[in-house]
Structures are given as C-alpha cells and as structure tokens.
Amino acid sequence: MRRIKIAPSILSADPARMGEVLSVLDDCKDVDLLHIDIMDGHFVPNLTFGPHVVRAMRKYTKKEFYVHLMLTNPSIFIKPFAEAGANLISVHVECMENLSTLFEKIKAAGVKAGIALNPNTPAHVVEPYIQNVEEIVVMSVYPGFGGQKFIESVLPKINEIRKIVEKSKREIDIAVDGGINASTAPPAVRNGANLLISGNGIFVEGHPDTTRIRELRKSVEGPR
Ligand code: DX5
Ligand code: ZN
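Per-chain numbering applies: the sequence of each chain, read as written, is numbered from 1 onward. Chain labels run from A onward and ligand labels from 1 onward, assigned in the order the entries are written. Confidence filtering applies because this is a predicted model: local features only for residues at pLDDT of at least 70, side-chain atom pairs given and counted only at 80 or more, and all residues used for totals across whole chains, interfaces and linings. No hydrogens and no water enter the side-chain calculation; it runs on all heavy atoms of the structure.

What follows concerns helix H4 (residues 99-108). Along H4, the positions that sit buried rather than exposed are Leu 99, Leu 102, Phe 103 and Ile 106. End-on, the buried residues of H4 take up no more than an arc of 95°, which puts them together on one face. Facing away from the buried surface of H4 by more than 90 degrees, the exposed residues are Glu 104 and Ala 108. Residues count as neighbours in contact if any of their non-hydrogen atoms are within 4.5 Å of one another. Per the convention used, a helix needs a DSSP run of H or I reaching at least four residues, while a strand needs a run of E reaching at least two, with both numbered from the N terminus. Looking at the buried side of H4, the elements it contacts are helix H3 (75-84), strand E4 (88-92) and strand E5 (112-117). The buried label applies to any residue whose accessible area, calculated with a 1.4 Å probe on protein chains only, is under 20% of its type's maximum; exposed applies above 50%, and partly exposed to all values in between. Arc definition: it is the arc formed by the directions from the helix axis to the C-beta atoms.

We count a salt bridge whenever a side-chain nitrogen from Lys or Arg sits within 4 Å of a carboxyl oxygen from Asp or Glu. As enumerated under the stated definition, the model contains 12 salt bridges in all. Residues Lys 5 and Asp 173 are paired through a salt bridge, measuring 2.7 Å at the closest nitrogen-oxygen approach. Within this pair, whereas Lys 5 is found in strand E1 (residues 5-8), its partner Asp 173 is found in strand E7 (residues 173-177), the two being separated by 168 residues in sequence. Of the residues examined, Lys 5 reaches a relative accessible area of 25% and is grouped as partly exposed. Among the salt bridges present, the one from Arg 214 reaches Asp 30, with a minimum N-O distance of 3.2 Å. In this pair, Arg 214 sits in helix H7 (residues 210-221) while Asp 30 sits in the loop between helix H1 (18-27) and strand E2 (33-39), placing the two residues 184 residues apart along the sequence. Look at Arg 214 and you get partly exposed, because its relative accessible area is 28%. Here the residues in one salt-bridge network are Arg 3, Asp 30, Asp 32, Arg 214, Arg 217 and Glu 221, joined through shared partners.

Now for the coordination of the zinc ion (ligand 2). Donor criterion used throughout: N, O or S atom within 2.8 Å of the metal, extended to 3.2 Å for Na, K and Ca. Water excluded; incomplete-looking sites may result. At the metal site, the zinc ion (ligand 2) is ligated by His 35 (NE2), Asp 37 (OD), His 68 (ND1) and Asp 177 (OD), and these contacts range over 2.1 to 2.3 Å. For the zinc ion (ligand 2), all donor residues lie on one chain, and their spacing in sequence is H-x1-D-x30-H-x108-D. Here the residue Asp 37 occupies a position in strand E2, and His 68 occupies one in strand E3 (residues 64-70), the gap between them amounting to 31 residues. By the burial criterion, Asp 37 is buried, and His 68 matches it.

This is the structure:
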C-alpha cells in the first residue's frame, strides 16, 4: 500500500501561539510535513506569511516545511523561502511566470519542487513538467482561505494525474489541498492522492488536535 503522508496546514493555527502549535506538531508521529500557505493579496485575495516568519518557525520543529506559494510572481521569493528553511516549494501553474524557469530556480535553491493546480485547471497541464517536479498539488478548494468545502468534482482529475505519474515512472507525491478531513480523505486517496493537506479538519480553535490527525490517518489506512 502507498504510504500516506499528512501535512497540517498552519494557516489554521493561532498565529499568536505558533511556537506552541509547532512543538505539538513536531511531537506528533502522524505528521509528515508542515504545509505553509504564502499569499500575496493578488493571486489570491488574502495575505499570510513572509520568509522571516518561516525562518522563525524553523527553530521549533525538525519536520519538513512545504511552502505553497500562491503568488502571481513567485520567482523573487524562491531563494528567500529556501534560505528560510523550506524543503519543498510549490508554484501555481496559473501564475504569471515561466514555469520551467521557476523549476530551475527551485532546483538551484536546493529544494524539492511542486506544481499546484486550481480546481478548474485540467490534469494534462502537468505533463510538460513531469520531469521537473517531486510533487503535484490538486487544489480541492479555490485558494485563498482555509475552512472551505471540498470540491468533489476534482476527484477524476486526481485519478488522471495518478495515471500520468505512473506512466512517468517517477516518484511524485500527489497532494490534495482544501477541505480535507476523515470523510473527504478516503475518496481522494482512492483516486490516487497520497499527501493530505488539512487545516480546519485537524485544528480546533487554532490548536492542532492530535486525535483528529490520528483519525485522518486511520480513515485512509484502517485501524492499526
Ligand atoms: C487554501 C490553502 C489550503 C488551506 C487548507 O488556499 O492553500 O492549504 O490552508 O485549509 P482547509 O483544510 O481548512 O481547507
Ligand atoms: Zn495550501
């Protein structure tokens, strides 16, 4: 069975208690990596964290940082986020810059690369970049905010992407981001996702609930 990875989305964390939140997540063995949403107020109608916040967070945990750039012009931010401690950086296929150049920059910065697709973007757009990425992120909400409802119509797209990945014979994680909880994760995994990003599904009032994280894992792996 494919190993399922869980990435809590710290957008749902109480920013004033971030150190405490990160320490809890660092101790939780069901957490594989931490998902950090970066928004520019232009690609999406919201603002979040800059590289200095990521650098400050790095001191509280050894878990890998997965930085999801929701930026119209991500190129100038790749090196700063890599230097701040990102292990994986994803850019949106819908951004306004040349994707091949962005993936070269991500490689040059010494981190893994991901490509993110908005809900209406078709699966085949990943094909030209399949050799450049370690991760493909299927958005199951319109990006910008946590706590939205999972869009079920993305399930066939996850399935198509799994087929494209298998054909490539590359080790690529397929992530699903938005509205993921113990009810929506099983169909996403059945369709080929192996990296579950979850914010509101596992945070309660800004604090991670490790029981919910365990339940999320159980929902896709069965009781252990
Ligand atoms: C949406 C973000 C997601 C979000 C997920 O723009 O990219 O990562 O934080 O949060 P939930 O799980 O609450 O939908
Ligand atoms: Zn995200």
